[in-house]
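Examination of the molecular architecture
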Protein chains: 2
Amino acid sequence: MTTALPAQRACSVPATIKGLSLVANSQFEWAERAPGELSPDEVIIEVAGCGVCHTDIGFAYEGIPTRHVLPLILGHEIAGRVVLAGDRAGNWIGRSVIVPAVIPCGTCDACRGGRPTICRKQFMPGNDADGGFATHVRVPARGLCPVPEELPRGISLAMLSVVADAVTTPYEAIRRSGLTADDVAVFVGAGGIGGFGVQIAAGLGAAVVAIDVDANRLELASGHGAALALNARECGDVKSAVRTFAKQSGRHGIGFKVFETSGTAAGQQTAFSLLDPGAHLAIVGYTAQKVEVRLSNLMAFDATARGNWGCPPDQYPNALAMVIDGKIQIQPFIEMHALEEAQQVLEAVHHHQLRRRAVLAPQPRDTQQGTMR
Amino acid sequence: MTTALPAQRACSVPATIKGLSLVANSQFEWAERAPGELSPDEVIIEVAGCGVCHTDIGFAYEGIPTRHVLPLILGHEIAGRVVLAGDRAGNWIGRSVIVPAVIPCGTCDACRGGRPTICRKQFMPGNDADGGFATHVRVPARGLCPVPEELPRGISLAMLSVVADAVTTPYEAIRRSGLTADDVAVFVGAGGIGGFGVQIAAGLGAAVVAIDVDANRLELASGHGAALALNARECGDVKSAVRTFAKQSGRHGIGFKVFETSGTAAGQQTAFSLLDPGAHLAIVGYTAQKVEVRLSNLMAFDATARGNWGCPPDQYPNALAMVIDGKIQIQPFIEMHALEEAQQVLEAVHHHQLRRRAVLAPQPRDTQQGTMR
């Protein structure tokens, strides 16, 4: 038995799901698939928007294998509305939600031990099954993050898709670092992830430094919480500049909180070089490249380097609250595109031609910001 | 005003302190110095034993500068008896103590913030002032770890000197890792530090793997808590061997707890390669060499790498208790030498000619194990 959306609601239960399917390296096809029989704990979501992440580019163009065999519809940064629900998930019907990028099983040793991000049975849309570059997506209901039906002006449900990874991943990294208003936070990389990280850290009251090689990104970061923006190509001594800033900031936090959000080897080198006594280094971005570092500095500085594989679903409401409260601005950091342009958009992201994070929206109305639903 | 030891006690207040002084790189001289006027919070300790640490070798032969200018008496792994005390430290007089290798100031932001190991005003004997390769040493009284006057058979006060660094540093690394009886602990390097680490982890009930390139060390580790001993030169696939062991161990802890205790680049490479989902990597040993690692594995594995600069003094009593309770055996891992042999012993340690950690004892009686005082 499944629960369908009451007839009076605007959106409709799909006969088929239409999406952009990756069939082989760099090769896509538009696919139309039957949604299939829902299990009791699953829902079907009408996609409002799905963000394009570097991980998707890895799957599509860099030979990184998806866990589910191809063909597969990619996309794991999803916001939308529940239009069909399994027997035990009926309470979700009709609700606007963000789908966690990583959905833990909830029952294994890791989940019960408070480490859901390393659940071995975790479900990731666009990796374990068809994802969000589609009209609809079928996902487990557990961990869905409810979104208020009335959103503040300037925020649409489609835009909130990026909360599912680009916002919550740095949010979790910052949470684990124990950042407070007495700290200096340094973001190496002010792009898709770092731009949100800067805002979260500033929202928590920290004195924030943004480091990048792109003047536009630095300008955007300066306008959204970074008290100091450093161009790594122009600043001769990044560490001295950060130290001077820290002294002037009047903060007494123990050690810098450094967030590597560029996902590049050069960024990781810079981030590691910023370790000082008691420092916390968060590895948020990903690169397959190795880097040469003096690992013993962790010992000499009594420092910590920590990574996080996404964010536990129970932290999503806290991150979303910062967006709703206006502490995190999404609009200046994203650009909306129609789902039909998915393939061109992925190509453009692959070739670093887009300045902002791309969100694919099947419904044109969702591409308008500030629409009340 | 200072308090001297009552006349009836065996040990005496010194007219001069005699010790081996480092005067320049690789150059030593026997020095005799007046103890000087004690400040109210200082004590003079009659040294029972002082362990020789790799850090001393760095100061003496590898050009690593001490914070105090040369000439300087080295040595920071000290146990002994308080024979003279400043005005506010009179309660210590006559007591057997271990001197923490790093003594925090107790009042700065770091100390008050619960991070005493990164106190910038920390005092380290044999680095900030004359140390323990001497008949006596003058240190702040704060943080001294009291030692019971009646020690179990087989333990002498001189032997307990190694608690000050070789035991407490891995103890603190293990404490920070959150190790429990449900975990697999892997020690890369079963020498001076790793041998004690293996025993501490086994004492906490973990399933312990020791990895080294020295068959004698591995044999010693096997006899003192390591359920699996791997020779990295002979074992083709260390990671597979650890995984197989972990499966058979029946432990359900989240991720391996890996302790790099070799202080070598090769050991750090091995340790980093053992990261699995949720792993904790402790950098306990030190090497100035850089290593090439895929830092992003911290993110992909949701893992942590952490270093600790020694151990907070408030943890010393817990580590000492494991020694007193017999969970940590010291005797098989050390060799005692008379203080007069200090220079030859340092040379031998520098040239890796000693199998065990050397302890220098000014008083011949302390070189006998099991002496009751």
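Predicted model, so just to flag it, every value in this text is computed and none were measured.

1. Focus on the interface of chain B and chain A
On the side of chain A, 40 residues touch chain B, which itself brings 40 residues to the contact. Summing the contributions of chain B and of chain A, the shared interface buries around 3,700 Å²; its carbon and sulfur component is 58%. Contact with chain A buries area across many residues of chain B, yet Leu295, Met299 and Asp302 of chain B alone supply 20% of it, more than any other trio. Applying the counting rule to chain B against chain A returns 4 salt bridges. With a closest N to O distance of 3.3 Å, aspartate 302 of chain A and arginine 115 of chain B form a salt bridge. Viewed at the interface, chain A and chain B are joined by 23 residue pairs in polar contact (both at pLDDT 80 or more). Elements with a minimum of two residues in the side of chain B that touches chain A: helix 2 (109–112), helix 7 (265–273), strand 15 (291–293), helix 8 (297–300) and strand 16 (304–307) of chain B. Broken down by element, the residue count for the side of chain B that touches chain A peaks at 4 residues, all from strand 16 of chain B. Its residues assigned to classes, the side of chain B that touches chain A shows 19 nonpolar, 11 polar and 10 charged.

2. Focus: unusual backbone geometry
In this structure, the amide linkage connecting leucine 70 of chain A to the following residue, proline 71 of chain A, adopts the cis form with an omega of 0°. Mapped onto the elements, proline 71 of chain A comes out in the loop between helix 1 (54–61) and strand 5 (72–73). A positive phi angle, close to 50°, is found at aspartate 302 of chain B, a residue other than glycine. Residue placement: aspartate 302 of chain B occurs in the loop between helix 8 and strand 16. Even without being a glycine, histidine 352 of chain B presents a positive backbone phi close to 55°. By the element assignment, histidine 352 of chain B lies in the loop between helix 10 (342–350) and strand 18 (357–361). Its relative accessible area of 69% is what places histidine 352 of chain B among the exposed residues.

3. Quick look at the relation of the copies chain B and chain A
Of the transformation placing chain B onto chain A, the axial shift is 0.0 Å and the rotation is 180°, giving an RMSD of 0.0 Å. Here the transformation between the copies is reduced to the relation of a two-fold axis. Every residue of chain B has its C-alpha some distance from the rotation axis, and the shortest such distance is that of glutamate 292 of chain B, at 2.1 Å. A share of 100% of interface residues in chain B that are also interface residues in chain A marks the association as one of identical surfaces.

4. Notes on the packing of aromatic side chains
Residue and element names in this part refer to chain A. For the coordinates displayed, the defined rule picks out 6 aromatic pairs over all chains. Ring plane angle 50° and centroid distance 5.5 Å describe the contact between phenylalanine 196 and phenylalanine 333, whose orientation is recorded as tilted. With phenylalanine 196 in helix 4 (residues 192–203) and phenylalanine 333 in the loop between helix 9 (316–324) and strand 17 (334–338), the pair connects residues that are 137 residues apart, well separated along the chain. Its relative accessible area of 0% is what places phenylalanine 196 among the buried residues. Given the relative accessible area of 6%, phenylalanine 333 is considered buried. Taking NZ or CZ as reference, lysine 18 lies 5.5 Å from the ring centre of tryptophan 30, over its face.

5. Overview of the confidence of the model for chain A
Residue and element names in this part refer to chain A. Across chain A, the average pLDDT comes to 93, with 94% of residues at or above 70. The low-confidence segment residues 7–11, where pLDDT is below 50, has 6 contacts with residues more than four positions distant or belonging to other chains. Residue range residues 366–373 is modelled with pLDDT below 50. Its contacts to residues more than four positions away, or to other chains, number 27 contacts. On the interface metric, ipTM, the complex scores 0.92, and its pTM is 0.92.

6. A few points about the nonpolar core
Counting residues in each nonpolar core, the largest one holds 58 residues, and the members touching the most others are Ile211, Val242 and Leu298 of chain A together with Ile211, Val242 and Leu298 of chain B. Ignoring any residue separated from it by four or fewer positions in sequence, one finds valine 242 of chain A in contact with Val186, Val209, Ile211, Leu230, Phe256 and Leu274 of chain A.

7. Focus: the environment of glutamine 329 of chain B
Residue and element names in this part refer to chain B. Along the chain, glutamine 329 falls in the loop between helix 9 (316–324) and strand 17 (334–338). What glutamine 329 contacts, discounting residues up to four positions off in sequence, is Phe196, Gln199 and His224. A distance of 3.4 Å separates the side chain of glutamine 329 from the backbone oxygen of glycine 326, its partner in a polar contact.

8. Concerning the sheet that holds strand 10 (residues 184–188) of chain B
The strand order 12(A)-11(A)-10(A)-13(A)-14(A)-16(A)-16(B)-14(B)-13(B)-10(B)-11(B)-12(B) describes an open sheet built from 12 strands, whose pairing is mixed. The outermost strands of the open sheet, each flanked by one partner alone, are strand 12 (228–231) of chain A together with strand 12 (228–231) of chain B. The sheet shows a mean angle of 15° between the axes of neighbouring strands, taken without regard to direction. With 4 bridges connecting them, strand 13 (residues 257–260) of chain B and strand 14 (residues 280–283) of chain B associate as parallel partners. For glutamate 260 of chain B, the partnering residue across the bridge sits in strand 14 of chain B and is isoleucine 283 of chain B. Sitting on the sheet, helix 7 (residues 265–273) of chain A touches strand 10 (184–188), strand 13 (257–260) and strand 14 (280–283) of chain A, and the angle it makes with strand 13 of chain A is about 175°.

9. Section: the pattern of salt bridges
Residue and element names in this part refer to chain A. Counted under the stated rule, the structure contains 24 salt bridges over all chains. Note that arginine 138 is salt-bridged to glutamate 42, the shortest N-O span being 3.0 Å. Separated by 96 residues along the polypeptide, arginine 138 in strand 8 (residues 136–140) and glutamate 42 in strand 4 (residues 42–51) bring together distant segments of the chain. Taking the relative accessible area as the measure of exposure, arginine 138 reaches 27% and is therefore partly exposed.

10. Describing the packing of helix 3 (residues 168–177) of chain A against helix 4 of chain A
All names here are of chain A. Packing of helix 3 against helix 4 brings their axes to within 8 Å, and their N-to-C directions diverge by 45°. For the element pair helix 3 / helix 4, the angle class is oblique. Of the two possible hands of crossing, helix 3 and helix 4 adopt the one that is right-handed. On helix 4, the residues touching Pro170, Tyr171 and Ile174 of helix 3 are Ile193, Gly197, Ile200 and Ala201. Within the contact of helix 3 with helix 4, the residues separate by chemical class into 6 nonpolar, 1 polar and no charged.

11. Overview of the pairing of strand 18 (residues 357–361) of chain A
Residue and element names in this part refer to chain A. Taking burial as the measure, the 5 residues of strand 18 include 5 buried ones, the bulk of the element. Side chains Arg357, Val359 and Ala361 project from strand 18 onto one buried face, and the interleaved Ala358 and Leu360 project onto a second face that is buried too. Bridge count for strand 4 against strand 18 is 2 bridges, and the pairing is antiparallel. Along strand 18, the bridge assignment pairs cysteine 50 with leucine 360. The pairing of strand 17 with strand 18 spans 5 bridges and is classified as parallel. Counted as the bridge partner of methionine 336 is valine 359 from strand 18. Taken together, strand 17, helix 10 (residues 342–350) and strand 18 constitute a β-α-β crossover, and its handedness is right-handed.

Calculation rules
Residues numbered from 1 in each chain as written. Chains lettered and ligands numbered in written order. Predicted model: local features only at pLDDT ≥ 70, side-chain atom pairs only at ≥ 80, totals over all residues. Heavy atoms only, no water. Contact = heavy atoms within 4.5 Å. Buried area = accessible area lost by both parts, 1.4 Å probe. Salt bridge = Lys/Arg side-chain N within 4 Å of Asp/Glu carboxyl O. Polar contact = N/O pair within 3.5 Å; in protein donor to acceptor, adjacent residues only side chain to side chain. Helix = DSSP H or I, 4+ residues; strand = E, 2+ residues; numbered from the N terminus. Nonpolar A, V, L, I, M, F, W, Y, C, P; charged D, E, K, R; others polar. Buried < 20%, exposed > 50% of the residue type's maximum accessible area, 1.4 Å probe, protein only. Least-squares fit on C-alpha atoms with pLDDT ≥ 70 in both. Phe/Tyr/Trp six-rings, centres within 6.5 Å; stacked < 30°, edge-to-face > 60°. Lys NZ or Arg CZ within 6 Å of the ring centre and 35° of its normal. pLDDT = per-residue confidence, 0-100. Core = buried A, V, L, I, M, F, W, Y, C linked by side-chain atoms within 4.5 Å. Pairing = 2+ DSSP bridges. Axes fitted to C-alpha atoms, helices over the stretch in contact; angles between N-to-C directions. Parallel < 35°, antiparallel > 145°, perpendicular 65-115°, else oblique. Left-handed = near helix turned anticlockwise from the far one by under 90°. Right-handed = clockwise from strand over helix to strand, strands pointing away.

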